[in-house]
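# Coordinate analysis (summary)
What follows is each chain in one-letter form.
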Amino acid sequence: MGVAVGVLALQGDFHAHLTVLQHLGAEARAVRLPAQLAGLAGLVIPGGESTTIGKLAEAYGLMQPMRNLAAQGAAIWGTCAGAILLSRDAHRAQPLLNLMDITVQRNAFGRQVDSFEAQLHVPALAAGKDGSSRTFHAIFIRAPMIESVGPEVEVLATLPAGEIVAARQGRLLATAFHPELTTDARFHELFLQLAGK
Ligand code: GLN
């Protein structure tokens, strides 16, 4: 049986993450209640709307149990809205987990380019299926950017203009884009590696 991981399933595109993780052999389950965090080696917080996810997580009593899960050494990966939840500051009054030493700017890429795709150079990823590159095709949807990172945080990817869009702090991972919407599972593999350690 694969590593036990959860996907926070309050709002947003949690189902796509579950599908990829199950395909990779993980024992992946949807998390809606604190008791469902028990025994998990990792948790994905999906994209969606970060204020909504945070308010629902507070209402369901999940905020402190998710912090406790991280303190116990589980891997936690936030994609897009999930990355905002992991941050310590998003410049708005909204519930945050304050787990990663990053600050974010929501909807950082402007209305006219709400959504875009980019080829990212990600040295931390294994070479692609063709064996030749560490580029990752990234889909951004009303994405945040990571505007600052603390000393413990490793920057994993930037856009050509320098905006940070992926970062790691120990077993915590933040991506501003949506790997679950592509067929390239290398970020999910990286997350499962972090969860398996
Ligand atoms: N714009 C959303 C937010 O600020 C995030 C978008 C997404 O997760 N795709 O919460």
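Structure: above.
Reference entry: report on the structure contained in this document. (Residues numbered from 1 in each chain as written. Predicted model: local features only at pLDDT ≥ 70, side-chain atom pairs only at ≥ 80, totals over all residues. Heavy atoms only, no water.)

### Concerning the site of the ligand
- Neighbouring residues of the ligand: Gly47, Gly48, Glu49, Ser50, Cys80, Ala81, Ile84, Arg106, Asn107, Ile141, Arg142 and His178.
- In the environment of the ligand, an oxygen atom lies 2.7 Å from a nitrogen or oxygen atom belonging to the backbone of Ser50.
- With respect to the ligand, the side chain of Asn107 contributes an N or O atom lying 2.7 Å from a nitrogen atom.
- The protein chains hide 94% of the 300 Å² of surface that the ligand would expose on its own.
- The site holding the ligand turns out to be the largest pocket.
- Its residues placed into classes, the shell around the ligand shows four nonpolar, five polar and three charged. (Near = heavy atom within 4 Å. Polar contact = N/O pair within 3.5 Å; in protein donor to acceptor, adjacent residues only side chain to side chain. Areas by Shrake-Rupley, 256 points an atom, 1.4 Å probe, with all protein chains shown as cover. 1 Å grid on protein atoms, 1.4 Å probe; cavity = no way out; pocket = protein on both sides within 12 Å on 5 of 7 lines; lining within 4 Å. Sits in = over half its atoms within 2 Å of the grid points. Nonpolar A, V, L, I, M, F, W, Y, C, P; charged D, E, K, R; others polar.)

### Thoughts on the layout of surface pockets
- Roughly 200 Å³ of volume is contained in the largest pocket.
- Contributing to the lining of the largest pocket are Gly48, Glu49, Ser50, Cys80, Ala81, Ile84, Arg106, Asn107, Ile141, Arg142, Pro144 and His178.
- Of the residues belonging to the lining of the largest pocket, the class tally is five nonpolar, four polar and three charged. (Points joined across faces, edges and corners; volume = space filled by probe spheres on them.)

### Section: the side chain of His178
- Within the secondary structure, His178 sits in the loop between strand S11 (172–175) and helix H5 (186–196).
- Side chain to side chain, His178 and Glu180 meet in a polar contact 2.7 Å long.
- The residues contacting His178, other than those within four sequence positions of it, are Asp13, Gly47, Cys80, Ile139 and Ile141. (Helix = DSSP H or I, 4+ residues; strand = E, 2+ residues; numbered from the N terminus. Contact = heavy atoms within 4.5 Å.)

### Structural notes on H5
- The element H5 is largely enclosed, with a buried count of eight among its 11 residues.
- For H5, the complete set of buried residues consists of Arg186, Phe187, His188, Leu190, Phe191, Leu192, Leu194 and Ala195. (Buried < 20%, exposed > 50% of the residue type's maximum accessible area, 1.4 Å probe, protein only.)

### Examining the pairing of strand S2 (residues 27–31)
- As paired elements, strand S1 (residues 4–8) and S2 share five bridges and run parallel to each other. Bridged to Ala4 within S2 is Glu27.
- Where the polypeptide runs from S1 across helix H1 (residues 14–23) and back to S2, its parallel neighbour, the crossover connection is right-handed. (Pairing = 2+ DSSP bridges. Right-handed = clockwise from strand over helix to strand, strands pointing away.)

### Concerning the side chain of Gln94
- Among the structural elements, Gln94 can be located in the loop between helix H4 (81–86) and strand S5 (102–105).
- Residues within four places of Gln94 in sequence aside, it is in contact with Ser50, Thr51, Ile84 and Arg106.

### Some remarks on the pattern of salt bridges
- Inspection of the entire model under this criterion finds four salt bridges.
- Here Arg142 ties to Asp114 by a salt bridge, and the two come within 3.4 Å at their closest N and O atoms. With Arg142 in the loop between strand S7 (135–141) and strand S8 (145–149) and Asp114 in the loop between S5 and strand S6 (115–121), this pair connects stretches of sequence that are 28 residues apart.
- In this structure Asp114 comes out as partly exposed when scored by relative accessible area, which is 27%.
- The partner of Arg186 in a salt bridge is Asp184, with the nearest N and O atoms 2.7 Å apart. Asp184 matches Arg186 in its accessibility class, with the two residues each being buried. (Salt bridge = Lys/Arg side-chain N within 4 Å of Asp/Glu carboxyl O.)

### With respect to helix H3 (residues 63–71)
- Of all the residues in H3, the buried ones are Met63, Met66, Leu69 and Ala70. Looking straight down H3, one finds its buried side chains confined to an arc of 120 degrees; they lie on one side.
- Those residues of H3 hidden inside the fold are in contact with S1, strand S3 (42–45), helix H2 (50–59), strand S4 (75–79), H4 and S11.
- After H3 finishes, the residue Gly73 shows a positive phi value of roughly 100 degrees. (Arc of directions from axis to C-beta.)

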